Amino acid sequence: MELSDAQFERYARHLVLDEVGEEGQQKLLQSRVLVIGAGGLGSPLLLYLAAAGVGTLGVVDDDEVDLSNLQRQIVHASESVGLAKVESARHSLSRVNPDVAVEMHHLRLDPSNAEAIVARYDLVADGSDNFATRYLLNDLCYRLKKPLVAAALAPFDGQLSVFKPYLGPPHPCYRCLFREPPPPDSVPRCETAGILGAVAGVMGCLEATEVLKELLGIGESLSGTLLVYDALRAGFHSIKLPRDPDCPTCGTKP
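All residue numbers here refer to positions counted from 1 along the written sequence of the relevant chain. Selection of residues for local features in this predicted model requires a pLDDT of at least 70, selection of side-chain atom pairs for listing and counting requires 80 or more, and totals for whole chains, interfaces and linings are taken over all residues. Side-chain figures throughout are based on the complete set of non-hydrogen atoms in the structure, without hydrogens or water.

A separate point is the pairing of strand β4 (residues 123-126). Think of it in three bands: residues with accessible area under 20% of the maximum for their type are buried, residues over 50% are exposed, and the middle band is partly exposed, with areas taken using a 1.4 Å probe on protein chains only. For the purposes of this entry, the term helix denotes a DSSP run of H or I that reaches at least four residues, the term strand denotes a run of E that reaches at least two, and both are numbered from the N terminus. Residues L123 and A125 of β4 are buried on one face, and the alternating residues V124 and D126, pointing to the opposite face, are buried as well. One requirement defines pairing of two strands: DSSP has to find at least two bridges between them. Summarising the sheet, strand β1 (residues 32-36) and β4 pair through four bridges and their orientation is parallel. Bridged to I36 within β4 is D126. Note that β4 and strand β5 (residues 148-153) share three bridges and pair parallel. Directly across from A125, in β5, lies its bridge partner V149.

A carboxyl oxygen of Asp or Glu within 4 Å of a side-chain nitrogen of Lys or Arg is what we treat as a salt bridge. Counting across every chain of the model gives 11 salt bridges. Its salt-bridge partner being K85, residue D63 comes within 3.6 Å of it at the nearest N-O pair. Within this pair, whereas D63 is found in the loop between β2 (56-60) and α5 (85-96), its partner K85 is found in helix α5, the two being separated by 22 residues in sequence. Taking relative accessible area as the criterion, D63 reaches 36% and is therefore assigned partly exposed. We classify K85 as buried; its relative accessible area is 5%. Where K213 meets E210, a salt bridge forms, and the shortest distance between an N and an O atom there is 3.1 Å. Placement of both K213 and E210 in helix α10 (residues 197-216) is noted, with a separation of three residues, approximately one turn of the helix. Taken as a pair, K213 and E210 share a single burial class, namely buried. Because the salt bridges share partners, they merge into one network encompassing R32, E103 and R120.

Another point: unusual backbone geometry. The step from P169 to P170 runs through a cis peptide bond, and the omega angle for that step is 10°. Following the sequence through the fold, P170 ends up in the loop between β6 (157-163) and α8 (174-177). Positioned with a positive phi, K145 is a non-glycine residue whose angle comes to about 60°. Relative to the elements of secondary structure, K145 occurs in the loop between α7 (131-144) and β5. Judged by its relative accessible area of 58%, K145 falls in the exposed class.

Relative to the helices and strands, R134 resides in helix α7. The contact criterion used is simple: two residues touch if any of their non-hydrogen atoms lie within 4.5 Å. Each residue touching R134, except ones within four places of it in the same chain, is listed here: D126, S128, D129, A152 and Y174.

Regarding helix α3 (residues 21-29), the residues found buried are G21, G24, Q25, Q26, L28 and L29. Looking at the packing, one finds that the buried side of α3 touches α1 (5-10), α2 (12-15), α4 (42-52) and α10.

A few words on the environment of P155. Looking at where P155 falls in the secondary structure, it is placed in the loop between β5 and β6. A sequence separation of 41 residues divides P155 from L196, and the C-alpha atoms of the two residues are 5.9 Å apart. In this structure, P155 is in contact with A193, G194, I195, L196 and V199, ignoring residues within four places of it in sequence.

Now for the sheet that holds β1. Either a parallel or an antiparallel arrangement is found when strands of a sheet pair, and the pairing is made through backbone hydrogen bonds. On the basis of which strands lie adjacent, the open sheet formed by eight strands has the order β3-β2-β1-β4-β5-β6-β7-β8 and mixed pairing. The outermost strands of the open sheet, each flanked by one partner alone, are β3 (101-105) and β8 (235-240). Strand-to-strand twist in this sheet, taken as the mean axis angle between neighbours without regard to direction, amounts to 15°. The pairing of strand β7 (residues 225-230) with β8 spans six bridges and is antiparallel. Its bridge partner being in β8, Y229 is matched across the sheet by F236. Angles run from 0 to 180 degrees between N-to-C directions of axes, and those axes are lines fitted to C-alpha atoms, restricted for helices to the stretch in contact.

Structure follows, in structure tokens:
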């Protein structure tokens, strides 16, 4: 595909990067990314992917915009309260970049619908807030050989990694890190624990960066590394993630 004059101007700061250039921008415009959740993580993630020119963005969310969301979910506005989050996100993204096609999935991802949706995309970016979805995506992306970029939030902290276990050792999957979900209600949800809104912005932007790196094939992948952000100490640290040969999803032992 040839870039139009308007696209040359819109993506000018990408085009001058040796790591992106015209070929890389064309690759982004042809890419299809599925974003799970249009909330605290999904909001900055979607905005930056749209601004970068990722050609098709799928958005999965079954919720409606609530006034309490607006402290951190920046893809939504006050006038969107009561709208489906996927519709509110589509409206915002279309204003950011008309090059981008937004496919809305107003539903909760579950074993009955996940495979048909995930199979349509090149990469999955998980911004969900529950363990059932995280484990479902991990197992499905492994089976379908889809890169999974996943982030999670705490009140003042965040975690981020990339999972590509289908490439074989040493690449781990999410179950190599957390074999089983924690007991129900053992991890407080945002509604009860709270969250500093800007922390979601930091982690969503970091997640968008990793998505773009994976689509472009540049830099060092976070596969095999967990990046941890501590907002109160203004620090990052990395933890190496070994692949578990006994993992029930990607283990190599018979």
